[in-house]
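Descriptive structure summary
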Amino acid sequence: MNASATSTFKYALEKKTPRTGPGGITRGASVHEFPASIGIAGVSMRLEPGAMRELHWHANAAEWAYVITGTLRTTILHPDGQSYIDTFTPGDAWYFPKGYGHAIQNIGDQDAHFILIFDNGDFSEDHTFSITDFIAHVPPAIAAQNLGITVEEVALLPKGEAYFAKSAVPSIGSTIATPRPVPSLTTMHRYPLEAQQPRVIPGGGTQKLVTSREFPISQTISGSILELQPGALRELHWHPNADEWQYFLSGQAEITVFLAEGQAITEQFEAGDIGYVPMGAGHYIKNTGQNVCKILIGFNSGEYQSLDLSRWLASNPNDLLAGNFSIPDTLVSKFPQQNAFINPGRA
Ligand code: MN
Ligand code: MN
C-alpha cells in the first residue's frame with residue numbers, strides 16, 4: 001500500500017459498529033479498514049466493572065495503551081519467567097512487548113475506556129492468540145494433562161475463544177489490586193503520562209510525551225498528549241523516523257497531510273475520529289473549534305523526532321531564504337527566529 005494512493009487520512013473509529021462480548025465492546029481499525037494506517041493499528045475498547053479482555057498474546061505487534069476512564073489491572077508474563085501485575089487509572093499508559101502474554105481487567109466500579117495502539121498496521125485485535133481458543137483446540141487429553149484436571153473437567157472450559165469474560169470486581173485491598181500509584185512512580189509496564197509536567201507554549205497549548213527514555217520498556221512506540229487552545233496551530237512539521245497515529249479525545253481540528261509532488265489532503269476531525277500521517281509526510285494540526293482540542297498521539301518508534309518549520313527557517317541565513325522564496329529581506333526578517341512548536345491563535 002502506497003500512502004500516496006490513499007485519499008483519506010481519517011477514520012471515524014467511534015462510529016464503527018463494534019465487536020461486543022460479555023462485558024466488553026471493541027472497535028478497531030487496521031490497514032484493512034483504514035488503508036492509510038500502514039504502520040500502526042488502533043483499538044478503542046470498553047470494559048464493564050469486573051469484565052476482562054482475557055489472557056492473550058499478539059504474534060506480530062507490541063501494544064501501547066492510554067487509559068481514558070476507569071481502573072484497570074493488567075497481568076503480563078515475560079519470557080524470562082518474570083511476571084508483573086499493575087493497576088492503571090485515567091491518564092496512565094502501558095506497554096507490552098510483542099508476543100508477551102497478558103490480560104486486562106476492569107477492577108473499578110465505573111466503566112473503563114482505553115485506547116490501544118499496535119506497531120503494525122496489518123494487525124487485528126480480533127485475530128490474536130487467546131488462552132481459551134488455544135486450550136479448546138488441543139486434544140482434551142492434552143489439556144487435561146497440562147492443567148492437571150480430568151477430561152470431564154476439561155469439558156467445563158469454554159469450547160472456543162472467550163475474548164471478553166465477565167467476572168466480579170476483585171476486592172480492593174487484596175494483594176493484587178494495588179492502590180493508586182504515586183504519579184511520579186513509573187513501573188516496568190506503567191507510565192503515568194497525564195501526571196507528567198507538560199511542555200507549555202503560553203497561549204498555544206501543551207505537550208506531554210513519553211518515549212523509551214522515560215519508559216524504557218517502550219522500545220517501539222512513543223506516545224503524546226497534545227492540547228491545543230482555540231485557534232492554536234501545531235505548526236508545519238514532519239517526523240523522519242515514525243508514522244503518527246492520532247485519536248481525538250475532545251474538540252475539533254483540521255489537518256493537512258502533505259505527500260510531496262503537489263499532493264496534499266486536508267480533512268476535519270472531531271472527538272472519536274482517528275487520523276494518520278505517514279512517516280516523513282508534512283503536516284499541521286489546527287484547532288478549529290471553540291474549546292481545547294485534546295489529542296492522543298502514538299508514534300511507531302521509541303524515539304520522538306520532529307522537524308518543525310520555524311526551527312528550520314530560523315536555522316537558515318536570511319539571504320538564502322530571500323532567494324528561496326524570491327522575496328525581500330525585510331519580509332524574511334518577519335519569519336520565526338526560534339522554534340515555535342505551537343503558534344497561538346490570533347485574537
Ligand atoms: Mn493485548
Ligand atoms: Mn506530528
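Given the structure is predicted, the values throughout are model-derived calculations rather than measurements.

Bound to the manganese ion (ligand 1) on the protein side are His56 (NE2), His58 (NE2), Glu63 (OE) and His102 (NE2), at distances that span 2.0 to 2.2 Å. Taking the relative accessible area as the measure of exposure, His102 reaches 1% and is therefore buried.

Before going further, it helps to spend a moment on the environment of Glu125. Looking at where Glu125 falls in the secondary structure, it is placed in the loop between strand 11 (112-118) and strand 12 (129-130). For the pair Glu125 and Arg27, spaced 98 residues apart in sequence, the C-alpha separation works out to 9.1 Å. Here Glu125 is in contact with Val43, Met45, Arg53, His56, His58, Phe118 and Tyr163, once residues within four sequence places are set aside.

Here we come to the pairing of strand 5 (residues 52-57). The pairing of strand 5 with strand 10 (residues 101-106) spans 3 bridges and is classified as antiparallel. For Arg53, the partnering residue across the bridge sits in strand 10 and is Ile104. Of the pairings in the sheet, the one linking strand 5 to strand 12 comprises 2 bridges and is antiparallel in character. Residue Trp57 lies in a different strand from strand 12, and its bridge partner there is Phe129.

Along the chain, the position of Ser224 falls in strand 17 (residues 222-228). A distance of 3.0 Å separates the side chain of Ser224 from the backbone oxygen of Lys208, its partner in a polar contact. In contact with Ser224, not counting residues within four places along its chain, are Leu193, Gln207, Lys208, Leu209, Ile295, Leu296, Ile297 and Phe299.

Turning next to the packing of aromatic side chains. Evaluation of the coordinates by the stated rule reveals 14 aromatic pairs. Taking the centre distance of 5.9 Å and the plane angle of 40° together, the rings of Tyr191 and Phe215 count as tilted. Here Tyr191, found in strand 14 (residues 190-191), pairs with Phe215, found in the loop between strand 16 (205-210) and strand 17; they are 24 residues apart in sequence, far enough to count as distant. Judged by its relative accessible area of 0%, Phe215 is buried. Site record: aromatic cluster; members linked through ring pairs are Phe88, Trp94, Phe96 and Phe114. The ring of Tyr163 is capped by Arg19, whose NZ or CZ atom sits 3.8 Å from the centre of that ring. The ring of Tyr163 carries Arg53 above its face, with NZ or CZ at 3.7 Å from the centroid.

Secondary-structure assignment places Ser301 in the loop between strand 24 (293-299) and strand 25 (307-308). Given a relative accessible area of 14%, Ser301 falls into the buried group. Sequence-distant contacts of Ser301, defined by excluding residues within four places in its chain, comprise Gln219, Thr220, Ile221, Ser222, Asn241 and Ala242.

Bringing the sheet that holds strand 22 (residues 274-277) into the picture now. Strand order in this open sheet of 7 strands is 1-22-19-24-17-16-15, and the pairing throughout is antiparallel. Whereas interior strands pair on both sides, the edge strands pair on one side only; in this sheet they are strand 1 (10-11) and strand 15 (199-201). As paired strands, strand 16 and strand 17 are joined by 6 bridges and run antiparallel to one another. When the sheet's bridge partners are listed, Thr206 is paired in strand 17 with Glu227.

Basis of the calculations
Residues numbered from 1 in each chain as written. Chains lettered and ligands numbered in written order. Predicted model: local features only at pLDDT ≥ 70, side-chain atom pairs only at ≥ 80, totals over all residues. Heavy atoms only, no water. Donors = N, O, S within 2.8 Å, 3.2 Å for Na, K, Ca; no water. Buried < 20%, exposed > 50% of the residue type's maximum accessible area, 1.4 Å probe, protein only. Helix = DSSP H or I, 4+ residues; strand = E, 2+ residues; numbered from the N terminus. Contact = heavy atoms within 4.5 Å. Pairing = 2+ DSSP bridges. Polar contact = N/O pair within 3.5 Å; in protein donor to acceptor, adjacent residues only side chain to side chain. Phe/Tyr/Trp six-rings, centres within 6.5 Å; stacked < 30°, edge-to-face > 60°. Lys NZ or Arg CZ within 6 Å of the ring centre and 35° of its normal.

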